[in-house]
Amino acid sequence: MRRSYFLTVLLAMVSFLAAILLVQREAPVRVVGELEHEQASIDESLVECTAGVADGDVTVDGRPLLWKLRNQVDVPNDVHYFAAGVEHHPGLGPARYSYLGMGPANDAPGSVRQGLNSQGLGIGFNVLEHGGWPELHHQALGHCDEIGQVRTYLNGMTDLSTFNYLVDPSGEASLWENQAGSGKHWECNTRAPARGSQWIDVDNADGDDDPWTGGDVSFAGWVVRANAPAHRNANGSDDMGGGGGRYMAARDTIAALIYNDGGGTALSVESIADAFFRHNVLAMDTTVSNMIVHGVLPTEDPRLTTMWTLLGHSKTGIFVPLWIHGVESGGLNQVPRYLDTGDDGVSAYTPARGMFNAGYDIADVQARTLPFEQHLFDVVNGRLLPEWRGRNWADPAEVTIVGEEMKRVQEQMDADAYSHMQYLYSQGPTSNHAPTITLASATTDGLSATFSVTAGDADHEDGGGNLTYLLNYGDGQTGRGVTHEYAQPGRYLVSCTVADENGVSQTDWVFVSVGARPFSPDGWRGVFGQWRLPPRWR
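## Side note on the packing of aromatic side chains
In the structure shown here, the tally under the stated rule is 10 aromatic pairs. Between Y486 and Y492 the ring centres are 4.4 Å apart and the planes differ by 20°, which places this aromatic pair in the stacked class. Neither Y486 nor Y492 differs from the other in exposure class; each is buried. One aromatic cluster is present, built from ring pairs that chain together W67, F276, F277 and F319.

Written out as structure tokens, the structure is:
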């Protein structure tokens, strides 16, 4: 009798554990080398990813955007680097281009849910029913440099059942809806207007203040989707009324940013991060990764494309920048530590995920994380990218310098953001504010530069805190002094990192140009006769 009772309990426990494992599976996909799985018996909304694309017609700076909010049940996500010249998917051959791929941590073999390649082509997707997407993602990122090449390959596939989003360096943005077995691929973009009913009257051409009416599409170019159900009518036109709460929340959020009460588009990396990724309907307890690809103008080098990756959960995390050119700088091919699990078990998923799971008051956390994130946006979009866009990208020496600068920036911002979230997670949501730092433009005298540093600590406004400073002068030297003598003329990226007594840090950045030494009374030959332009200025 006891034995029978024991077996009954054991079988019940096995059934219970099996049910849990089923719930933890993502919406069904086909992993390379495995058979397609039937959909797990769970609420579709728990694993319903939401994403979108916009071309430059509807963004504040004319550059395309791609964004992806990914849901899956409790699986860490991170970012991996994929080298050119290596076959990353069976049958595709060695990749022509290197790329960054984001997906479940340690997922094999090389799963890529969303990513960016060295040519400025970005991709994301939502699963509808089953496979095909691993092949497409590795093909697109490893072998294509513009959407037209992806279009040719995708249209020849018959096993896709996905939404696929793409942006490229020409400024094009496209989304495909694919039905497996039917050979049907519906493409949505402003350069393929067959599905024009998706576009809204964002410039209020008909004057009725209603973005959902009017046939004018002169200022259109965006589309969003959620996993399930598909958003299509029988004739292939867009079903604006369907798709459930998450689709409509995503659609209306982006539409409101573009329409902006008729005042001109407000769609940007910053506004998407705030309005889309922190939306109560879109950011869920199953959200595991988030990405925004900020593209380039057709006249700009594609290596300037920025992959903003959320370090942590949407509600409690911080977006940090990532450039593949920075990852490849110095030939190390290293993703910043906290965006990749590495050997320490840390990933883009924690500790912000831990704060969310622990039920921390979101308002308390965001009062500390969002100002920190805004500082990163201000530095990158307002100071660094404008400078890098003006560099000579045809000069290999200059390209190398930009790569070194990108590497410094993304690794420092990654470390700063993690230090802030880790302390909040371990000590509580009201335990600490990150210190603030402003590094003002320098005053120069020949090869000498003096910097103005202003720091603050909201937790010690009476001045009782203990802040430490470290300047990186951009020439390979660091120190605590605000005056620095450079060895040669050039333009340098200088940073100042301030840390509080808890080890939480924040960094500000500024460019400084230093010239030749002051004029010599012996005449100009005494100063410049033996001087040559250094590599930084040649």
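## Concerning the sheet that holds strand β15 (residues 448-456)
What the 3 strands build is an open sheet, ordered β14-β15-β18; its pairing is antiparallel. Sheet topology places β14 (436-445) and β18 (483-485) at the edges, where each strand pairs with a single neighbour. The mean inter-strand angle of the sheet, taken between neighbouring strand axes irrespective of direction, is 25°. Here 3 bridges tie β15 to β18, and the two strands are oriented antiparallel to one another. Following the sheet pairing, S448 is matched in β18 by E485.

## Observations concerning the environment of E405
Summarising the element assignment, E405 is placed in helix α9 (residues 396-427). Placed 69 residues apart in sequence, E405 and G474 show a C-alpha to C-alpha distance of 8.3 Å. Within the structure, the side chain of E405 is placed 2.8 Å from the side chain of W388, a separation counted as a polar contact.

## Considering helix α3 (residues 147-154)
Along α3, the positions that sit buried rather than exposed are I147, G148, V150 and L154. Along α3, the residues classed as buried sweep out an arc of 160° about the axis, all on the same side. You can read the cap of α3 off the contacts: a side-chain oxygen lies 2.6 Å from the backbone nitrogen of G148, and it is on E146.

## A closer look at the side chain of Q366
As for its position among the elements, Q366 is in helix α8 (residues 362-389). Apart from residues lying up to four places away in sequence, Q366 is in contact with R278, K315 and P371.

## Here's the deal with the side chain of S268
In this fold, S268 is placed in the loop between α4 (244-259) and α5 (269-275). Setting aside its immediate chain neighbours within four residues, S268 contacts V60 and L65.

About the criteria used
Residues numbered from 1 in each chain as written. Predicted model: local features only at pLDDT ≥ 70, side-chain atom pairs only at ≥ 80, totals over all residues. Heavy atoms only, no water. Phe/Tyr/Trp six-rings, centres within 6.5 Å; stacked < 30°, edge-to-face > 60°. Buried < 20%, exposed > 50% of the residue type's maximum accessible area, 1.4 Å probe, protein only. Pairing = 2+ DSSP bridges. Helix = DSSP H or I, 4+ residues; strand = E, 2+ residues; numbered from the N terminus. Axes fitted to C-alpha atoms, helices over the stretch in contact; angles between N-to-C directions. Polar contact = N/O pair within 3.5 Å; in protein donor to acceptor, adjacent residues only side chain to side chain. Arc of directions from axis to C-beta. Contact = heavy atoms within 4.5 Å.

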